[in-house]
Amino acid sequence: MENTHLERGKPFFSLRWKLLGTLVILSFGVFILLAHLFQLYLLDRSEETRRAAIPLYALQINGLILQQRRHLEQVAMALPTLSDTRTSLTKKKTPNFKHRFDDFWSTFQLDMGLDDAHYFDADGKELAVWNNDSTESLVVDMETWRRATEETFRKEAPTSFLSCIDACGIHALAPVLINGRVMGQFAVGSSLAEMVLAFRNTSNADVIVMNSSTSESHFTPDSLKSKWGVRIQATSNPKISLEILQQASQQFDLPTFLSSPTRLEFQGKTYEAAQVNLDKDNLAEGMHILLLKDISLDLEQARETAFSALLLSLSGGGLSLLLLHILLDKSLKRLLHTAGAIPLLGKSAFAELRKTITPRGRAFLHDEIDILGNTAVMLSWRLESLERAVAERTHSLQTALGEIYREKNFVANLLDHAQVIIVTHSASGGILSLNRYVHELAGYTESQLHGVSLLGSPLLIDPLISLNDRLQELITGKIEHLRHEAGLKCFDGSWRDISWVHTRLNHDPD
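Since this is a predicted model, take the numbers as computed values, not measurements.

Trainee: Looking at this structure, I do not really get the state of the cysteines. What am I missing?
Mentor: Here a disulfide denotes one covalent bond, and it connects the sulfur atoms of two cysteines. The full count for this structure, using the stated rule, is 1 disulfide. Note on cysteine connectivity: Cys164 is disulfide-linked to Cys168, with sulfurs 1.7 Å apart. When the S-S torsion is 120°, as for the bridge of Cys164 with Cys168, the disulfide is right-handed. For the residue pair Cys164 and Cys168, the accessibility class agrees, reading buried in each case.

Structure, rendered in structure tokens:
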């Protein structure tokens with residue numbers, strides 16, 4: 001039998017290319033999926049690294065603020081000596097003291113980074129104030145000053161705190177001790193700009209200091225004041241930071257923005273903003289410190305690494321498929337050669353198949369293709385032998401059938417031309433067949449009497465003996481023959497006396 005697909009004209013696609021195409025599609029699909037998963041893994045690891053860096057940045061900022069506080073405390077302690085005002089303070093000559101300190105104030109501002117200075121007497125009353133007119137004032141409410149001065153007098157040691165009423169800054173107070181007595185207190189203040197610059201010099205992220213204030217400031221965009229109600233106090237990169245925060249204020253409300261790290265797109269780059277949680281002592285009411293980091297390079301490196309891994313995987317996969325194709329090419333050719341010869345079995349071209357498939361007798365190791373080829377050869381011998389046997393059987397059957405046909409015709413002619421009534425009936429007595437002489441003698445046709453019980457039919461009327469029991473004996477083989485006489489009523493109504501001989505046939509149709 002020929003291939004039905006070829007008979008119907010369906011296109012043929014080689015098993016070699018099916019296998020190679022499937023492997024290429026699966027391999028490339030797996031490589032692309034693995035590269036995507038690897039990229040997601042790299043991005044996730046990068047994000048975990050950034051999340052883990054936020055507490056480290058918080059420690060760094062905490063350390064810088066604490067360092068600035070300790071510096072200001074030391075400055076406050078040293079001011080009486082550095083300004084040579086101890087004599088005036090001892091004699092309580094306030095005008096002389098203020099005049100003397102004025103001479104040193106500009107130097108203290110430049111060399112020590114001070115924005116303001118205050119002097120309180122032993123009763124906590126503010127006697128003198130120095131500040132920088134070119135900068136925003138570090139405003140502190142009177143209640144905060146009162147608590148701070150009381151604590152300094154009680155401890156007789158320097159203290160410091162942060163305040164963000166107007167501008168965020170650090171304030172340090174130190175008692176002025178003369179001859180073992182507290183004559184008053186010096187208080188100095190400095191903005192957080194020094195901390196911001198120090199952080200920017202030691203890290204790769206920008207820091208932004210905001211406070212919840214609605215007062216006017218040329219440094220803060222109007223959208224931040226109107227939407228978030230905050231002012232920007234200090235930032236290490238104002239050109240970028242202010243625009244990014246202004247864009248963020250259009251997308252988020254302030255609590256949402258501060259609740260978790262937020263990713264922002266700006267000028268083709270990706271930034272991540274996160275709030276830094278500082279120690280309670282290093283925070284002031286309404287103060288927020290944000291980290292802003294350009295993570296574009298991290299994301300690009302993750303994508304490039306994943307792409308490089310994809311190219312490497314595809315190159316390795318392509319090389320592997322090429323080697324696999326080279327290694328399997330000979331085997332596939334053998335398989336296709338054997339598969340192409342197998343249809344010869346359906347065409348009974350057994351000799352041609354055995355000529356086409358030649359077993360590898362010298363092969364060191366045999367494989368499934370050898371088994372398939374050997375099986376096809378063995379099957380060709382078996383089918384050829386069966387076809388030969390079938391042909392011989394068919395010839396014998398045709399010969400026997402011819403003899404049987406001739407014998408049947410001879411018997412049929414003999415029965416039809418015999419001048420005797422010949423009737424066959426079943427074990428139950430129903431008439432099966434009549435010969436032609438019955439019609440000639442009695443006028444009945446076979447169709448008229450077929451199935452009618454012989455006993456009691458017009459052919460056998462008024463037997464001289466009881467036939468039922470004798471016929472049963474004949475049927476069961478107790479007797480071989482039964483002879484009797486009976487009347488026959490012809491179709492035209494005439495009567496004839498008939499002598500019957502009953503014989504049992506070996507194969508009863510019933």
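Trainee: Honestly, empty space enclosed by the protein in this entry has me stumped. Any pointers?
Mentor: The rolling of a water-molecule-sized probe over the atoms marks out the regions of remaining empty space. Under the defined criterion, the tally for this structure stands at 2 cavities of 30 Å³ or more. Size it by volume and the largest cavity reaches roughly 100 Å³. Along its surface, the largest cavity is lined by Arg50, Ala53, Ile54, Tyr57, Ala205, Glu272, Ala273, Ala274, Leu291, Leu292, Lys293 and Ile295. Where the lining of the largest cavity is concerned, the elements lending two or more residues are helix H2 (15–82), strand S9 (269–275) and strand S10 (287–294). Residue contributions to the lining of the largest cavity peak at 4 residues, all from H2.

Trainee: I tried to follow the environment of Ser163 on my own but got confused; where do I start?
Mentor: Following the sequence through the fold, Ser163 ends up in strand S3 (residues 159–163). A C-alpha to C-alpha distance of 148 Å links Ser163 and Ser499, two positions 336 residues apart in sequence. Not counting residues within four places of it along the chain, the set of residues in contact with Ser163 comprises Val139, Val140, Cys168, Gly169, His171 and Ala284.

Trainee: Explain the packing of aromatic side chains to me, please; I cannot follow it from the model alone.
Mentor: The geometry of an aromatic ring pair comes down to the distance between the two centres and the angle between the two planes. One pass over the structure, following the stated rule, counts 17 aromatic pairs. Between the aromatic rings of Phe97 and Phe101, the centroid separation amounts to 6.3 Å while the plane-to-plane angle is 45°, which identifies the pairing as tilted. One end of the pair, Phe97, and the other, Phe101, are both in helix H4 (residues 94–112), 4 residues apart, so they sit about a helical turn from each other. Accessibility classification places Phe97 together with Phe101 in one group, the buried group. Ring pairing ties together the aromatic residues Phe97, Phe101, Phe104, Trp105, Phe108, Tyr119, Trp130 and Phe186, which thus form one cluster. Residue placement shows Arg354 over the ring face of Trp381; its charged tip is 3.6 Å from the ring centre.

Trainee: Explain the pattern of salt bridges here, please?
Mentor: Any two side chains of opposite charge can pair, given that their charged atoms come close. By the definition in use, this model includes 16 salt bridges. The partner of Arg354 in a salt bridge is Glu384, with the nearest N and O atoms 2.9 Å apart. In this pair, Arg354 sits in helix H12 (residues 350–356) while Glu384 sits in helix H13 (residues 368–417), placing the two residues 30 residues apart along the sequence. Residue Glu384 is classed as partly exposed on the basis of its relative accessible area of 21%.

Trainee: Hey, could you run me through helix H10 (residues 296–341) in this one?
Mentor: Because each turn of an α-helix spans 3.6 residues, side chains separated by three or four positions in sequence point in the same direction. Given a rise of 1.5 Å per residue, 46 residues ought to cover 68 Å, and the 63 Å separating the end C-alpha atoms of H10 matches this to within 8%. At Leu328, H10 shows its maximal bend, which comes to roughly 45°. Among all positions of H10, only Ser296, Leu299, Ala302, Ala306, Leu310, Gly317, Leu321, Asp329, Leu332, Arg334, Thr338 and Ala341 are buried.

Trainee: I tried to follow the side chain of Gln68 on my own but got confused; where do I start?
Mentor: Along the chain, the position of Gln68 falls in helix H2. Judged by its relative accessible area of 4%, Gln68 is buried. If we skip the residues at most four places from it in the chain, Gln68 touches Ile170, Ser190, Ser191, Leu192, Glu194 and Met195.

Trainee: I'm lost on the environment of Leu459 in this one. Help?
Mentor: Checked against the element boundaries, Leu459 lands in the loop between helix H15 (446–449) and helix H16 (467–476). Leu459 gets classed as buried once you look at its relative accessible area, which sits at 0%. With 38 residues separating them along the chain, Leu459 and Ile421 place their C-alpha atoms 9.5 Å apart.

The rules behind the values
- Within each chain, residues carry numbers counting from 1 in the order of the written sequence.
- A pLDDT threshold of at least 70 governs which residues receive local features in this predicted model, and a stricter bar of 80 or more applies before side-chain atom pairs are shown or counted, although totals over entire chains, interfaces and linings include all residues.
- Just so you know, side-chain values use all the structure's heavy atoms and leave hydrogens and water out.
- Any cysteine sulfur atom paired with another within 2.5 Å is treated as part of a disulfide.
- The buried label goes to any residue with under 20% of its type's maximum accessible area, the exposed label to any with over 50%, and the partly exposed label to all in between, with areas taken from a 1.4 Å probe on protein chains only.
- For cavity detection a 1 Å grid was placed over the protein atoms alone, and a set of points counts as a cavity when a 1.4 Å probe fits there but cannot get out; an open set counts as a pocket when protein lies on both sides within 12 Å along at least five of seven lines, with lining residues being those that have an atom within 4 Å of a point.
- Grid points are joined across faces, edges and corners, and a volume is the space filled by probe spheres set on the points.
- Strands are runs of DSSP state E lasting at least two residues, helices are runs of H or I lasting at least four, and both sets are numbered from the N terminus onward.
- Throughout, a contact is declared for two residues whenever any of their heavy atoms are within 4.5 Å.
- Stacked, tilted and edge-to-face are the three classes applied to pairs of Phe, Tyr and Trp rings, where Trp contributes its six-membered ring and a pair requires centres within 6.5 Å; stacked means planes under 30 degrees apart, edge-to-face means over 60, and tilted covers the rest.
- Comment: the charge-over-ring label is applied if NZ (Lys) or CZ (Arg) is within 6 Å of the ring centre and within 35 degrees of the ring normal.
- One speaks of a salt bridge when a side-chain nitrogen belonging to Lys or Arg is within 4 Å of a carboxyl oxygen belonging to Asp or Glu.
- Helix span is expected to be 1.5 Å times the residue number reduced by one.
- Fitting axes to the seven residues ending at a residue and to the seven starting there, one defines the bend at that residue as the angle between these axes.

Treat this as a map of the structure, not an account of what it does.
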